[in-house]
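# Notes for the structure review
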Amino acid sequence: RRMRLGFLLLAAALPVAAQQAEPQFRFNAPIELISKGPMQRVELPIEVYREAQRDLADVRVLNGRGEAVPIGYAGAPDSVRAAGAWVELPIFPVSSREPSAASVSKGGTEVTIRTADGTLVEVRSRGAVAQARAKPTAYLLDASALKDDAIRALVFEWDAAPGSQVVKVRIEASDVLRVWSALGSGPLVRVEGDGRVLSQPRVDFAARKAKYLRVTWAAPGFALKRVRAEKEPAAEAAPRFTRTVQGTPGAKPGEFLYDLGARVPIEAYRLVPADENDVISAQVTARNDEKEAWRAVGWAPFYRLRQDDGEKQSPPIEIGRLPSRYWMVRVGPGAAPTPPALEVRWRPAQVVFVARGDPPFRLAFGDAQAPAVALPVSAMIPNYKRLGELELPLAKVGTVESGPPPTRWSQWWREASPRRMTLWAILILGVVVLGFMSWRLLRPQSVAPPQ
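Residues numbered from 1 in each chain as written. Predicted model: local features only at pLDDT ≥ 70, side-chain atom pairs only at ≥ 80, totals over all residues. Heavy atoms only, no water.

### Here's the deal with the overall build of the chain
- Per the secondary structure count, the chain includes 6 helices and 30 strands.
- Sorting the 451 residues of the chain into buried and exposed places 36% on the buried side.
- Counted over contacts in the chain with a minimum sequence separation of 6, partners at least 24 positions apart contribute 79%.
- Accessible area for the chain stands at about 27400 Å²; split by element, carbon and sulfur atoms hold 56% of it. (Helix = DSSP H or I, 4+ residues; strand = E, 2+ residues; numbered from the N terminus. Buried < 20%, exposed > 50% of the residue type's maximum accessible area, 1.4 Å probe, protein only. Contact = heavy atoms within 4.5 Å. Areas by Shrake-Rupley, 256 points an atom, 1.4 Å probe, with all protein chains shown as cover.)

Structure below.
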């Protein structure tokens, strides 16, 4: 009898143990599907990085029945390559093939430069060359206005001769008008036939920064009308979240502490001085926990300057991907006592999930014992192509709530209206009354014993 009782107690304990093995999430948030589709994706809010496991193993997506649906993590998007901008360059014809300082001293070519910004003002021939009115044998192009932008191509417009014409041009670059280096060369083509025109006015070369360009050619009668330069397109990071945190004084003079509120995966940061027209030199360190040692992040100067065209601030510094919550800044001597603001940028992880079952779907997290369940995203999408998951519909995550996700009954109770609750109460009460009356009618009547 005792063994049978033990088996009964063990059988009764098994459901309890199974229930305890289920993840107990402390936070959840509703997911709003913007468009239909069998697969969706969401961006993780900052609360996940604060409350979930460091490897995000406890993140789940639950359907309306409280079932966990298959999930995977999307890959990091590539940098966005902006289209190269076109800039028209000022043209200065010269009649000397070597427009250098030596030719200026001999009276061949006179070059006037605005020393403030390096802009070419005038290029003219003088002496015997000017009297002969020689035709241009070279053109100087002023690219000083591009400043730090590299050039990767030139597009020419010229007075083409009737019919077919092929002119090979040679392009050289210089910053001082004394020393020239080859930049590139190529043919300019204009072909006419049957009322149609085929034109190839572009010359490509390796991107390079230069103040001045020189164009020479090998064919007679070449007259240049217009030149446009294509700037090298800059690689821009994929869209990121930005958070600005104000610092508090640390234990030592010149130290400032910052709490981001979560272990977000920082990809870029910068410091913004509290006052305008200020430049500070700072050493930056970070850590995940208040008990850990500080890790060096970098050292750099940061500025905030007011100019005629607006305020200029230091650009963000790229650091790869550094998950960290606490940051410390040490500024150099002479810095203002007010702590600078710390601006951080990161790209949140994206979860891809299968929209199995009925909505509403919810994001759940916050269980230190939950195992990882994420699948490779390449195994979830048929005919998978690299980063194809980033083309899936992006659902919206609502406000994060504390507590486990609501069950189906609690969700029904929350959404039920007072009128519906009253009707259900009347219905249940009616069933109870009918049941009680039926029990009274069907109960066997006691018969009194004969006397």
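### Quick word on a nonpolar patch on the surface
- On the surface, Leu429, Val433, Leu434, Phe436 and Met437 cluster together into a nonpolar patch covering about 500 Å² of accessible area.
- Looking at where Phe436 falls in the secondary structure, it is placed in helix α6 (residues 418–442).
- Residue classification places Phe436 among the partly exposed positions, given a relative accessible area of 47%. (Patch = residues over 30% accessible without salt bridge, like charges linked within 9 Å, V, L, I, M, F, W, Y side chains within 5 Å. Salt bridge = Lys/Arg side-chain N within 4 Å of Asp/Glu carboxyl O.)

### Quick word on the sheet that holds strand β27 (residues 350–354)
- Pairing within the open sheet is antiparallel, and its 3 strands lie in the order β2-β27-β4. Edge strands, defined here as strands with exactly one partner in the open sheet, are β2 (39–43) and β4 (71–73). Sheet twist, expressed as the average angle between the axes of neighbouring strands with direction ignored, equals 25°.
- In this structure, β4 lies alongside β27, joined through 3 bridges in antiparallel fashion. Among the inter-strand pairings, Gly72 is bridged to a residue of β27, identified as Val352. (Pairing = 2+ DSSP bridges. Axes fitted to C-alpha atoms, helices over the stretch in contact; angles between N-to-C directions.)

### Thoughts on the sheet that holds strand β17 (residues 224–231)
- Strand order in the open sheet made by the 4 strands is β6-β17-β11-β15, with antiparallel pairing throughout. The sheet is open, and its two borders are formed by β6 (86–88) and β15 (202–208), each paired with just one other strand. Averaged over all neighbouring strand pairs, the angle between strand axes comes to 25°, with direction disregarded.
- The sheet contact formed by β6 and β17 spans 3 bridges and is antiparallel. When the sheet's bridge partners are listed, Trp86 is paired in β17 with Glu230.

Taken by themselves, the reported measurements are silent on function.
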